[in-house]
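What the coordinates show
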Amino acid sequence: MAQRLVLVVNCGSSSIKFALRREGSSAALLSGLAEQLESPKAILHWHTTDGKQSQALSPGGHADAMASLLPLIDEYADQPLSAVGHRVVHGGEHFTGAALINPEVIAAIEANAPLAPLHNPANLIGIRAAQAVLPQIPHVAIFDTAFHQSMPPYAYRYALPDELYAVHGVRRYGFHGTSHQYVTQQAALLRGWPATQGAWLSAHLGNGCSNCAVLDGSSLDTSMGLTPLEGLVMGTRSGDVDPNLHAHLGRTLGWDLPRIERLLNRESGLLGLSGLSNDMRELEQARKDGHDGAKLAIEVFCYRLARSLAGLAVALPRLDGLIFTGGIGENSALTRALTLKHLGILGLQVDPDANSNLPRGEAGNIEAAGSTTILVIPTDEERQIAEESLHLLDASN
Ligand code: AMP
């Protein structure tokens, strides 16, 4: 029997990212993006072996986008779908793994919405729209937070009064779990080990960035916290700042909370530091051209990344390897080199040629002789969502 097919759906407030994946395959049969939804400019883009195509969506809501997907799925699927896998950002403490979507699961995702007010409601819109057009297929929720539910309390608790945790759920949750899980499994497989073996540090560096310490398939600590703002310098997010910054800005500049949230989430990070861009490619070019802000932004990004990795290393009994992934981790040899300059303390030494010459889109080793393993591994969150969805179905049959 041909390997099963899964439709992977990642729904935002004005967009739906989708991919039709075949079990065990690293390529999508069909992938694309419906964007500017709920507006007159709504449009559907898709990509297959036949090339790229687009189609205006009218009237252009999430439900219209899902309905427009059906004929495409019919065209490119050689068998009925086995599952629809939905990315859901926040599973709180309720979800420690994938969940077959039913009314209780929907209620629990809703209950977690205060922890992710921009994301969970949008994810639910996608679930409902997909269920409406594919009612006979099992729908599975895969949570960004679930992989980190194995963190011990000393890693996930803030030093705040207990009531804030016990009553209000204020704790560190972590995100990017699907990516950290996928690349650490791939790292183990590359070493010839079972997928859940090894003591790894993984650095997911995209527009959002986080590090994770993984031991034998379990997350022991990660750099993001209650929200995805904690931890590393990111494209437009500040990462860690002094928590008293809020009070300071309120007192000295009269800024209210929405203004401060905008500052920390949208105007900071690489963009804020450089005064130029949140895009690492542009910053690398500007640095070459002598732009001081770009140079500083990249230096701060790399130093803070290294500092976080060194801190997370204490979660592990030993280090079998460091993995770089995400758009920056996979493609920026400069970022990897500048970060690794600070990480000799962990026995990590980069081979400059291997680092610079790694073919785009491929996994590979970049450590020097005698160094602890350093890997670049392209992440594939959609594949992980597809495989986990099927896994759950197999386990529940
Ligand atoms: P992601 O969110 O994983 O798509 O990653 C987006 C980030 O990856 C942006 O900052 C891009 O500039 C960065 N990126 C993608 N390709 C490259 C490249 N060749 N060199 C440096 N940065 C890159």
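This one's a predicted model, so the numbers in the text were calculated from it and none came from an experiment.

Cut-offs used in this document
- Residues numbered from 1 in each chain as written.
- Predicted model: local features only at pLDDT ≥ 70, side-chain atom pairs only at ≥ 80, totals over all residues.
- Heavy atoms only, no water.
- Pairing = 2+ DSSP bridges.
- Helix = DSSP H or I, 4+ residues; strand = E, 2+ residues; numbered from the N terminus.
- UniProt positions renumbered as here; feature names shortened; annotations may be inferred.
- Contact = heavy atoms within 4.5 Å.
- Polar contact = N/O pair within 3.5 Å; in protein donor to acceptor, adjacent residues only side chain to side chain.
- Near = heavy atom within 4 Å.
- Areas by Shrake-Rupley, 256 points an atom, 1.4 Å probe, with all protein chains shown as cover.
- Nonpolar A, V, L, I, M, F, W, Y, C, P; charged D, E, K, R; others polar.
- Salt bridge = Lys/Arg side-chain N within 4 Å of Asp/Glu carboxyl O.
- Buried < 20%, exposed > 50% of the residue type's maximum accessible area, 1.4 Å probe, protein only.

A few points about the sheet that holds strand β3 (residues 28-35)
- The strand order β5-β4-β3-β2-β1-β6-β8-β7 describes an open sheet built from eight strands, whose pairing is mixed. Both edges of this open sheet fall to β5 (51-56) and β7 (99-100), since each of them pairs with a single strand only.

Examining the UniProt feature "site: Transition state stabilizer" (unreviewed entry) in the protein
- UniProt records the feature "site: Transition state stabilizer" (unreviewed entry) for His176 and Arg237 in the present numbering.
- Looking at the element boundaries, His176 is found in the loop between α5 (162-166) and α6 (177-190).
- For Arg237, the contacting residues outside a window of four places in its chain are Gly208, Met224, Pro228, Leu229, Leu232, Leu264, Asn265, Ser268 and Gly269.
- Here Pro228 takes part through its backbone oxygen, which lies 3.0 Å from a polar atom of the side chain of Arg237.

A closer look at the side chain of Gln149
- Tracing the chain through its elements places Gln149 in the loop between β8 (139-143) and α4 (153-156).
- Leaving out residues up to four positions away in the same chain, Gln149 has contacts with Gly92, Glu93, Phe95, Thr96, Arg171 and Tyr173.

Here's the deal with the site of the ligand
- Around the ligand, the surrounding shell holds 13 residues, and the nearest of these are Asn207, Asp279, Met280, Arg281 and Gly327.
- Within the backbone of Gly327, a nitrogen or oxygen atom sits 2.9 Å from an oxygen atom of the ligand.
- Between a nitrogen atom of the ligand and a side-chain N or O atom of Asn331, the distance comes to 3.4 Å.
- Starting from 500 Å² of accessible surface for the ligand in isolation, the protein chains cover 76%.
- Sorting the residues of the shell around the ligand by element identifies α10 (280-288) and α12 (326-331) as the ones contributing at least two each.
- Considering each element in turn, the shell around the ligand owes the most residues, four residues, to α12.
- Here the residues of the shell around the ligand are counted per class, giving two nonpolar, seven polar and four charged.

Observations concerning the pattern of salt bridges
- Inspection of every chain in the model, using the stated rule, returns 17 salt bridges.
- The partner of Arg87 in a salt bridge is Asp144, and the shortest N-O contact between them spans 2.5 Å. Taken together, the residues Arg87 in strand β6 (residues 83-88) and Asp144 in the loop between β8 and α4 connect sequence positions 57 residues apart.
- Classification of Asp144 by relative accessible area gives buried; the value is 2%.
- Put simply, Asp162 and Arg157 hold a salt bridge, and the shortest N to O gap is 3.0 Å.
- Through salt bridges with shared partners, a single network forms among Arg4, Glu23 and Asp394.

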